[in-house]
Amino acid sequence: MNTLKPSTGTTASASLQQAQTTALLALLNLNTTAGASQSLSLSSSGPHSRASTPAPPQAATAAPVWKVLVLDEQSKDVLATVLRVQDLRDMGVTLHVQLHANRPALTDVPAVYLVSPTLANIQRIAEDLANNLYESFYLNFTSPLPRAILEELAALVAKDGTQELITQVLDQYLDFLVPSPSLFSLLGPLKASSTTQPRSPTSGFKGSPFGPYSSYSTLNAPQTTESEIEEEIERIASGMFSVVATTGQIPYIRCPRGNAAEMVAKKLEQKIRDQLLGSSRGGGGVFSQGEGGIGSLTRPLLVIMDRNIDLVSMLSHSWTYQALVHDVLEMRLNRVTVTTTENSRQAKKSYDLDSKDFFWAKNAANPFPQVAEDIDTELSRYKQDAADITRSTGVSDMSDVSQIDLSSNAQHLKMAITALPELTARKATIDTHMNIATALLSSIKARGLDELFQLEEGIGKQSPAAILETLRHPPSGSSPTGMDRLRLVIIYYLSLPQSNPLSKEHIAEMEGELKKAGVTDGLKAFEYVRKVREIMQMSTMGGSIVGGDKGGSSIVAGWEGGFGALSNRFTDRLKEGGFDNLLSGVKNFLPQSKNLPVTRLVEALMDPSSAATQALQDTDEYLFLDPRQPRSTQTSGVGKGKRMVHSEGIVFVVGGGSYVEYTNLMEWAGRAGTSGGGAKKVTYGSTEILSPEEFVGVLESLGGSS
């Protein structure tokens, strides 16, 4: 049996999603690069080299080797975010099955395993070997296999005498999810502690089927022990090492002092140092020799931050498409579930949204009014293309193409058949987003989300009386949920400066209004936030979101006509899609362009010449860690590491991330490339991506345990 850690590298232009996809394709190709770099449009232009134990040679032009893919729950989620069933078939996977399910023997085909390195998984693999289920076994683990578990596997295999069936055993460094090209989150722990996990708020909580894991809760719960904190820091650092290894680049590391971010940064730096030391002794290694790797002069910046830097971004109402979908609808692993009413019965429909969805790729980060107009544009283009075909072929409808007279319209039939698959797929995509937009618009009108977003845009300018009036008498006849009102109150509380805090009387009044709206246990979240602010003396955790930021044009330049001007055109054009008069009465406004706290700090670290003075002063004290340099030469935020310009960065938040924060960071990166500061390539990640309601649940659980 051979055991080898794969060498990982990728081109600097590839996104993290491309790098992970290419690694998965190589894995499915039995860890040979011959076929992995040619199959899918999502993969990067160059091969993602991963050294492996010798595998049977396979020519680039040969048909794929037919195989079985065996997964566990965690690895299934990894594949689900970047690959579809058709992609698996293209790589020769005829059957994908769960490791712990009952499976029939297929003794004439090889099996590729991709599972987590747990004792239960190892024992089941040994059982499969003993039962001779497959012709050969290619064992891949999502993260490095601990020595104790590796020895257990070796002992079980030796006992049964099945070592000849094993072709490969590889650590793949794939224990993270990449739902978007520049967005990632870590996999949850293999065994989560039930005592420190978020409970569901009493009204409208919609987490994943298994409940969201929260590192913020684990790291901040008073009952968490030192050993549990150490275990959590180790888990996060190991996940981040997988991300860094997949990019193949050795980053500079910056982080604030005195919190979980510093602990993760130092642990990660040590892991990278250990890997470099091992590779220097001839042990291979996961870092490339090319650009960004060993010996490179151009390296990315890794910024590790603590969630307590800004809690407001986790709770804010949004007006961009992706953030709205994640907030309002059920979204997990790029699958969106929409509840519809048909014949007086409620039914749920699910839609897969990923980078292969042209409309999602184009509009995920756009303001909702722009998305609505683009649906209009795409529908008009589809209708025009369909009309061109029907007119040239003489049929009245696309569904009648099969009725064309072959004797007189052979050329037109060929043209129609060629265009039909693309048109059908495009129409399905348009219908998907029309249905999603309909559901969003219904919630916007019912809950007054446009009013709430506009109020939060200028939250620092509001008085306690204005907030209380909104709680008592929501504008425009809308009816925000209790959760919406609770989020508004917490955001307002955090946005006030420490010099002018909310009085106890106003707090009591707001809590009274929340109770009238049905908020009960949720008040524990508000209580916890007040305690945290008092203890940490967080002067303006969310105050910096108030007002516009210097530089940068509006995110929606050219939309001065607003949502009202759009409504009439959009409604008239989309009546057939179920939008009849749905847009009427929605607030006429568009979002401002401004940097959220994390974005301001990242700007100071990556583009100091464009940053605000306060952000520069804050980040000058950040630790600077360089895994390639001897520890004796390390600086602590001065000298070389103080103010450097970086074109590529990874931003990682310990304790949870949000689509609001992600979208804001990507917007800044796009602006930086057009304002003369040089193009910025930024990847955003967190321990987990939580919806606002899920994060309220985290705060509530902490409030109940404190």
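Just so you know, these numbers come straight off a predicted model, no measurement behind them. (Residues numbered from 1 in each chain as written. Predicted model: local features only at pLDDT ≥ 70, side-chain atom pairs only at ≥ 80, totals over all residues. Heavy atoms only, no water.)

Some points on the packing of aromatic side chains
Now for step 1: The tally for this structure, following the rule as stated, stands at 14 aromatic pairs.
Now for step 2: Ring centres of Tyr113 and Tyr134 lie 6.3 Å apart, and the angle between their planes is 75°; this geometry places the pair in the edge-to-face category. Taken together, the residues Tyr113 in strand S3 (residues 111-115) and Tyr134 in the loop between helix H4 (119-130) and strand S4 (137-141) connect sequence positions 21 residues apart.
Now for step 3: You can call Tyr113 buried: its relative accessible area is 0%.
Now for step 4: Each residue in the set Trp319, Tyr321, Trp360, Phe368 and Phe453 is aromatic and connected to the rest through ring pairs, giving one cluster. (Phe/Tyr/Trp six-rings, centres within 6.5 Å; stacked < 30°, edge-to-face > 60°. Helix = DSSP H or I, 4+ residues; strand = E, 2+ residues; numbered from the N terminus. Buried < 20%, exposed > 50% of the residue type's maximum accessible area, 1.4 Å probe, protein only.)

Comments concerning the confidence of the model for the protein
Now for step 1: In the predicted model, the protein carries a mean pLDDT of 79, and 74% of its residues have values of at least 70.
Now for step 2: Per-residue pLDDT stays below 50 along residues 1-12; that stretch engages in 54 contacts with residues further than four places along the chain or on separate chains.
Now for step 3: Counted against residues more than four places away or in other chains, residues 192-211, with its pLDDT under 50, gives 52 contacts. (pLDDT = per-residue confidence, 0-100. Contact = heavy atoms within 4.5 Å.)

Quick look at the packing of helix H16 (residues 482-495) against helix H23 (residues 692-705)
Now for step 1: Following both chains from N to C, one finds H16 and H23 inclined at 70°, their axes separated by 11 Å at the closest point. Classified by the angle their axes make, H16 and H23 are roughly perpendicular. When you trace H16 past H23, the crossing you get is left-handed. From H16, Met483, Leu486 and Arg487 reach across to H23, where they touch Pro692, Glu693 and Val696.
Now for step 2: Looking at the contact of H16 with H23 residue by residue, the class counts come to 4 nonpolar, no polar and 2 charged. (Axes fitted to C-alpha atoms, helices over the stretch in contact; angles between N-to-C directions. Parallel < 35°, antiparallel > 145°, perpendicular 65-115°, else oblique. Left-handed = near helix turned anticlockwise from the far one by under 90°. Nonpolar A, V, L, I, M, F, W, Y, C, P; charged D, E, K, R; others polar.)

Considerations on helix H20 (residues 597-606)
Now for step 1: In terms of residue burial, H20 counts as a mostly covered element, since 10 of its 10 residues are buried.
Now for step 2: Turning to H20, its buried residues are Pro597, Val598, Thr599, Arg600, Leu601, Val602, Glu603, Ala604, Leu605 and Met606.

Concerning the pairing of S4
Now for step 1: Along S4, 5 of the 5 residues are buried, which leaves the element largely enclosed by surrounding structure.
Now for step 2: Alternating positions in S4 separate into two faces, Phe137, Leu139 and Phe141 on one and Tyr138 and Asn140 on the other, with burial throughout.
Now for step 3: The pairing of S3 with S4 spans 5 bridges and is classified as parallel. For Val115, the partnering residue across the bridge sits in S4 and is Phe141.
Now for step 4: Each parallel crossover has a hand, and for S3 linked through H4 to S4 it is right-handed.
Now for step 5: Assessed by its sense of winding, the connection that carries the chain from S4 through helix H5 (residues 147-160) to strand S5 (residues 166-171) is right-handed. (Pairing = 2+ DSSP bridges. Right-handed = clockwise from strand over helix to strand, strands pointing away.)

With respect to the sheet that holds strand S2 (residues 93-98)
Now for step 1: Ordered in space as S2-S1-S3-S4-S5, the 5 strands form an open sheet in which the pairing is parallel. Two strands lie at the open edges of the sheet, namely S2 and S5, each paired on one side alone. Recorded for the sheet is a direction-independent mean angle of 15° between the axes of neighbouring strands.
Now for step 2: The pairing of strand S1 (residues 67-71) with S2 spans 5 bridges and is parallel. Pairing of Leu69 across the sheet is with His96, part of S2.
Now for step 3: Contacting S1, S2 and S3, helix H2 (residues 73-82) crosses the sheet at an angle of about 115° to S1.

A short note on the packing of helix H14 (residues 449-457) against H16
Now for step 1: Relative to each other, H14 and H16 sit at 5°, their axes nearing to 11 Å. Compared by their axis directions, H14 and H16 come out roughly parallel. Residues Leu449, Leu452, Leu455 and Glu456 of H14 lie in contact with H16, whose contacting residues are Asp484, Leu488 and Ile491.
Now for step 2: Of the residues belonging to the contact of H14 with H16, the class tally is 5 nonpolar, no polar and 2 charged.

Description of unusual backbone geometry
Apart from glycine, the bulk of residues carry a negative phi angle, and the bulk of peptide bonds sit in the trans form.
Now for step 1: For Leu333, which is not glycine, the phi dihedral falls at a positive 55°.
Now for step 2: Here Leu333 is to be found in the loop between strand S10 (330-332) and strand S11 (335-342).

What to know about the pattern of salt bridges
Now for step 1: The full count for this structure, using the stated rule, is 34 salt bridges.
Now for step 2: For Arg124, the salt bridge is made with Asp128, and the minimal N-O distance between the two is 3.5 Å. Of this pair, Arg124 and Asp128 are both found in helix H4, 4 residues apart, which corresponds to roughly one turn of the helix.
Now for step 3: Residue class for Arg124 comes out buried when judged on its relative accessible area of 15%.
Now for step 4: Between Arg426 and Glu422 there is a salt bridge, with its nearest N and O atoms 3.1 Å apart. Within this pair, Arg426 and its partner Glu422 are both found in helix H13 (residues 410-447), separated by 4 residues, close to a single helical turn.
Now for step 5: Relative accessible area serves as the criterion here: at 5%, Arg426 is assigned to the buried category.
Now for step 6: Put simply, Glu73, Lys76, Asp77 and Arg332 are held in one network by salt bridges that share partners. (Salt bridge = Lys/Arg side-chain N within 4 Å of Asp/Glu carboxyl O.)

Here we look at helix H21 (residues 613-620)
Now for step 1: Residues of H21 that are buried include every one of Ala615, Leu616, Thr619 and Asp620, and no others. One face of H21 carries all of its buried residues, which in axial projection span an arc of 130°.
Now for step 2: Residues of H21 that are buried in the fold lie against strand S8 (252-255) and H20. (Arc of directions from axis to C-beta.)

Here we look at the side chain of Thr21
Now for step 1: With respect to the element layout, Thr21 can be found in helix H1 (residues 16-28).
Now for step 2: Within the local environment of Thr21, its side chain forms a polar contact with the backbone oxygen of Gln17, the two atoms lying 2.7 Å apart. (Polar contact = N/O pair within 3.5 Å; in protein donor to acceptor, adjacent residues only side chain to side chain.)

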